[in-house]
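As a plain string of letters, each chain reads:
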Amino acid sequence: MQTTQYVAEILKELNHSADLISDEEAEKLVNGILESKKVFVAGAGRSGFMAKSFAMRMMHMGIDSYVIGDTVTPNFEKDDILIIGSGSGETKSLVSMAEKAKNIGGKIATVTIFPDSTIGQFADITIKLPGSPKDQSEGDYQTIQPMGSLFEQTLLLFYDAVILRFMEKKGLDTNKMYGRHANLE
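It should be emphasised that the depicted structure is a prediction, and the values quoted were computed from it without experimental measurement. (Residues numbered from 1 in each chain as written. Predicted model: local features only at pLDDT ≥ 70, side-chain atom pairs only at ≥ 80, totals over all residues. Heavy atoms only, no water.)

Caption draft 1: Spatial organisation of the nonpolar core. Leu29, Ile33, Phe54, Met58, Ile83 and Phe158 are the most contacted members of the largest nonpolar core, which totals 31 residues. Looking at this core, the elements that each hand over two or more residues are helix H2 (23–35), strand S1 (39–43), helix H3 (45–60), strand S3 (81–85), strand S4 (107–112), strand S5 (125–128) and helix H6 (149–170). Looking at which element gives the most residues to this core, the answer is H6, with eight residues. In this structure, Ala42, Leu82, Ile119 and Phe122 belong to the second largest nonpolar core, which totals 13 residues. (Core = buried A, V, L, I, M, F, W, Y, C linked by side-chain atoms within 4.5 Å. Buried < 20%, exposed > 50% of the residue type's maximum accessible area, 1.4 Å probe, protein only. Helix = DSSP H or I, 4+ residues; strand = E, 2+ residues; numbered from the N terminus.)

Right, here's the structure in full:
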């Protein structure tokens with residue numbers, strides 16, 4: 001198969017994935033962000049990169065958003081939300097973060113393949129995404145892609161869709177957001 005044919009296959013998988021995401025679950029996340037004082041994101045590996053891009057876009061919208069582990073991340077408090085992207089929902093460092101956030105009394109959201117996972121049990125808001133875990137031994141979705149690629153790609157697109165929904169609810173457009181874009185580079 002040629003590279004462009006693989007691109008077409010990946011796009012078919014992503015298109016199918018979009019049909020499997022619950023609008024009701026997504027809307028709960030949008031509202032959870034709107035109701036929170038600060039938004040924290042976390043993820044490991046490639047899911048962590050998707051979380052960072054999500055935090056950046058939220059910052060562009062004027063939301064106080066932070067990536068867990070960055071040097072300028074403030075304290076998590078009870079009026080805040082922690083959004084964890086984890087395919088398995090079992091990554092030890094992320095489980096620990098969810099447990100700490102729960103003990104503080106803040107809201108927890110998870111975007112995962114497995115809503116009944118350990119992180120899912122801590123979560124107030126759970127969004128199920130299709131995909132296969134890294135070892136592809138479980139999951140209800142078959143993919144031609146290696147490891148967790150389908151989940152990670154769907155996670156990025158889902159986060160971007162949440163941004164668009166938030167923009168719609170707040171009456172924001174690209175021009176207003178661009179004013180918050182880094183200007184010292």
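Caption draft 2: How the structure looks around the pattern of salt bridges. Tallied over the entire structure, the rule returns eleven salt bridges. Of the charged contacts in the structure, one is a salt bridge between Glu152 and Arg46, with a shortest N-O distance of 2.5 Å. Placement of Glu152 in helix H6 and of Arg46 in helix H3 is noted, with a sequence separation of 106 residues between them. What makes Glu152 buried here is its relative accessible area of 10%. Residue classification places Arg46 among the partly exposed residues on the basis of a relative accessible area of 40%. (Salt bridge = Lys/Arg side-chain N within 4 Å of Asp/Glu carboxyl O.)

Caption draft 3: Layout of the environment of Phe151. With respect to the helices, strands and loops of the structure, Phe151 is situated in helix H6. Given the relative accessible area of 2%, Phe151 is considered buried. Separated by 137 residues in sequence, Phe151 and Leu14 place their C-alpha atoms 9.2 Å apart. The residues contacting Phe151, other than those within four sequence positions of it, are Ser47, Ser86, Gly87, Val111, Thr112, Ile113, Leu129 and Pro130. (Contact = heavy atoms within 4.5 Å.)

Function cannot be read off these values alone, since they describe shape.
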